[in-house]
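Observations on chain architecture
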Amino acid sequence: MDDIFGDSIERLFAQIVTPAAIRAIEEGASIDALWQALEDSGFLDALVPESSGGAGLTLAQVFPLFLSAGRHAIPVPFAQTMLARAWLHHVRAPIPKGPITIAAFGMRSGENSISGSAVSFGRTAQWVLADLGSQIVLLPTRGADLESELIADPASLDVAMRWKGPRAANGISGETHPCAKLAEISAVCHASLIAGAADKALALTLDYAGQRTQFGKPIGKFQAVQSQISIMAERTWAARMAAQMACNSTNWWPRPLLAAVGKSRASEAAAVIADIAHAVHGALGITQEYDLQLYTRRLRQWRLAAGNETYWAGRIGEALLRKTSSSALAFICSELSAERL
Amino acid sequence: MIDTLELIEIPAEDEALRTEIRSFLSDALAGLAPDIRARSWMGFDADFSRKLAQRGWLGITLPPQYGGAGKSAFARFVLSEELLGVGAPVSAHWIADRQSGPLILKYGTEAQKSFYLPRICKAEAFFCIGMSEPDSGSDLASIRTKAVRNQAGWLLSGSKIWTTNAQHSDYMIALVRTSGTTADRYKGLSQIIVDLKLPGVSVRPINDMAGDAHFSEVFFEDVQCPDDALIGVEGDGWAQVNAELAFERSGPERLYSSMVLLETWLAHCRFNDAGNAVAAATLGQIVSWLAVLRAMSLSLTAKLAKGESPAIEATLVKDLGTEIEQAIPRLIGEVLGSAPDAPVSASLLKTLAYLEQLAPSFSLRGGTREILRGIIARGLGLR
C-alpha cells in the first residue's frame, strides 16, 4: 500500500515540482498552482480521520510521501501541512485553507509582538502553527513582517518573521496535545525531507561520477572517489532508516524518542552527504544553474531546522540518564526500537 | 539502487528469550570486571560456553536432529545482542556457533553434519577460520597454502596467520588452494576442515598490543588430512566463503564491540554528572546511532531468514557498524578528558584503554573498510 502512495506522489511531484518551478518560487513566483494541485491530490488530508473527510492514514503509511517530497526539494510545507491539519483536527480547531508551516522553536512573544527566527518554509506558507511556550497559536503570514535580509541565503524559503500587535495571536489552546508536541512533529518532517533530498543528491552524484571524465576515465573509477561515494551511500541509507523509524507509529503522531532518533541521525548525515556531493561535482556543483544546489542547500537548512543532531541526541541522552534502572542496550531494544504496525 | 529496508519487530516468542538470558548472565558474570568483559568475543572461557550449551544456547538455530535448538534467526539475534551487550566471554564457541556450524549444515555431507554439529552444540568442538596468510591479507585470492589430493586424502602444506583462537581450537576451516596457481585467482580454492591435533600442525600465538594472545600463526608441514576433510565442493571455496559473508557482516556482532565501555560509562555518568549536557548529547548520539544500525541489522536478518542474499546491504551495515564501534571509545575519551579534575574509576579507565587499543581491529577483521567500500562502489555501479 505504501508503494502505491509513493509511486503516485512521485509521478505527481515529477510533473509539478520541477527544478524550474522550484527556482521560480524561490525567486518569488506564486505557489498557487502548485498548491492547488497538491490540494486536488487529496494527500494533504491523509492524516485526518476518515470521519472528518480525511484518509485516516498513520504516520508510517505517509512516510513515502514525505520522502518523495524531500527527493523533489519541495518548496512548500507539504509534510508540515499534513501534520498540522491532523493536529488542528485533533484539538478541535478549525483547519484553514492553504499551506501551514510549523514553528516549534525560536518563537518569542512580547506584549505587542510575536517573532521567530528562520521560520522553515515561512516564505511560502500562509499560516504558521507556532509554539510560544505558554500556548500554541496559528498565525497568518499575511500581515507579518518578513525580515528576509536576516537570512544569508537569498533563495531560502526560511525567513525571520514578526507579527505586531496583540491581534496577531490567534490562540488555539492553552494546553498542548500530550501525544504530539510540535517539536517532535517538526523533527519528523525535517528528518524525512532530509532522507529524500539525500537520495536525490546521491543519484545526481552517481550520474556525474559516471559521466565526468578526467585522466582518460570516468572519475567514478578512481578509488578515492569511490570511497567518498560509498560513505555518502552509507549515510544516505542510514538517514532513510532513521527517518523511517521517526515515522514508525500506528497513529498520525510520532513516538517522541523515535522522532528524536530520526532527526538526530538524519541531521548528522545531511552535512556529510552535502559535502561529498559537492566534492565529487567540483566547481559545477556550486553553480546556480546546476540542480545539485537545490538539494544541498536544503540538506543544510533542514539539518539545522527544528534542532540539529546534538539537540536531539541530548534529549535522548537525558531520557537514558533518567531511566536509572535501564542499561543502554535495554533502552535501545525497548525505547528506541520499531514496533509492529 | 539501495532498497528501502522494512522495519522489523522481533517475534514475541523470540523476544521472550531475552529475560531468561539476562537473568542467567547477571548470575554467571557477577563480579567479572568490566575491562575483562570488554574482551567479549576475544574472551575465552570454555566452562562458560558449556554452561550456555547446557541451556540449549549453542547452535540455537541448528536443527534438533543435530543437537541444535531449531529456533529462528531472531532468537539468535536476541541471544547474540544480550551476550555481547554484557561482554560475555563467548570466544571459545563463537566461531563454531556463528560460522562453522551453519557452513557445515549448508555444505557438509550427512556424515560431516552428524560428526561435527552435535559436538559444536555441546561446546565440545571449537573452531577457528584460516583465511589470511603472511602474504595474503585483503587479497585472499593470492593464498598459497595447498592441499594436494593423495591416496589417503589431502596433503596440506603452508601457513595461516591472524587466525583468531587457533591455539585453543580443535579444528580449523581453512581456505586453501586445491588446484592451479595464484594466477588462477579465485579458481581452484577449496575449504578444508583441519584437525589441529594432527601431526605436522604447529601453532604460534601472537601477542596483541593489549597484552592478549587472541590470534596465532599456524604452520602446516605435510599434514595428512583424511578424504572427508574437504567441505563442500572442490574448487568452490571462494563462492562458499562469500555466501556466508552476508551473515557475517550484518549481525549484531558488528555493532556491540564497545558496549561494555558504553554501559560502564553510563553508570559513571549517572553517578557523577547526570547534569552534564555534553555527556547527555554524546550518550544520545551513541545510542541513537546504534538504534538505527540495529534496525538495519534486524531488517537484514529477516531478509536472510527468507533466503535472500543482501550482500551489498550487509557490507554497508558492517562499515557503519564498525564506525560506531570505533567512535565509542573516542567519544567517551573526549568527554572524560575534557574534565581532567573529575574523578574516574580505575575500572572505567582500564576498559577505555583496552578498547582504544583494540578498536582499530574492528574495521580490519571480516574485511577491511577499504575493501568494503570497494564492494559498495561496485554495488552502486561505479566499478
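The sections below set out a description of the structure shown in this document.

Cut-off values and rules
Residues numbered from 1 in each chain as written. Chains lettered and ligands numbered in written order. Predicted model: local features only at pLDDT ≥ 70, side-chain atom pairs only at ≥ 80, totals over all residues. Heavy atoms only, no water. Core = buried A, V, L, I, M, F, W, Y, C linked by side-chain atoms within 4.5 Å. Buried < 20%, exposed > 50% of the residue type's maximum accessible area, 1.4 Å probe, protein only. Helix = DSSP H or I, 4+ residues; strand = E, 2+ residues; numbered from the N terminus. Axes fitted to C-alpha atoms, helices over the stretch in contact; angles between N-to-C directions. Parallel < 35°, antiparallel > 145°, perpendicular 65-115°, else oblique. Left-handed = near helix turned anticlockwise from the far one by under 90°. Contact = heavy atoms within 4.5 Å. Nonpolar A, V, L, I, M, F, W, Y, C, P; charged D, E, K, R; others polar. Pairing = 2+ DSSP bridges.

Remarks on the nonpolar core
In this structure, Phe78 and Leu129 of chain A together with Leu262, Trp265 and Met296 of chain B are the most contacted members of the largest nonpolar core, which totals 186 residues. When residues in this core are grouped by element, the largest group, 18 residues, is from helix H6 (residues 182-211) of chain A. Counting 23 residues, the second largest nonpolar core, distinct from the first, contains Leu62, Ala125, Phe127 and Ile129 of chain B.

Here we look at the packing of H6 of chain A against helix H7 (residues 223-246) of chain A
Residues and elements named next belong to chain A. Interhelical geometry of H6 versus H7 gives an angle of 155° and a closest axis separation of 9 Å. For the element pair H6 / H7, the angle class is roughly antiparallel. Once H6 is placed against H7, the crossing between them reads as left-handed. The segment H6 lies against H7, with Val188, Ala191, Ser192, Ala195, Ala198, Asp199, Ala201, Leu202, Thr205, Leu206 and Ala209 engaging Ile229, Met232, Ala233, Thr236, Ala239, Arg240, Ala243 and Ala246. For the contact of H6 with H7, the residue count by class is 14 nonpolar, three polar and two charged.

With respect to the sheet that holds strand S6 (residues 145-146) of chain A
Residues and elements named next belong to chain A. Strand order across the open sheet formed by four strands is S2-S3-S7-S6, with antiparallel pairing between neighbours. On the outer flanks of this sheet lie strand S2 (107-109) and S6, each paired with one strand and no other. In this sheet, strand S7 (residues 159-164) lies alongside S6 in antiparallel orientation, the contact comprising two bridges. Note on S7: the bridge partner recorded for Asp145 is Arg162.

Remarks on the environment of Glu248 of chain B
Residue and element names in this part refer to chain B. In this fold, Glu248 is placed in helix H8 (residues 237-250). You can call Glu248 buried: its relative accessible area is 11%. Distance from Glu248 to Glu15, taken between C-alpha atoms, is 22 Å for residues 233 residues apart in sequence. With residues near it in sequence (within four places) discarded, Glu248 still touches Arg98, Gln99, Arg254 and Gly366.

Remember that the coordinates give geometry; whether it matters functionally is a separate question.
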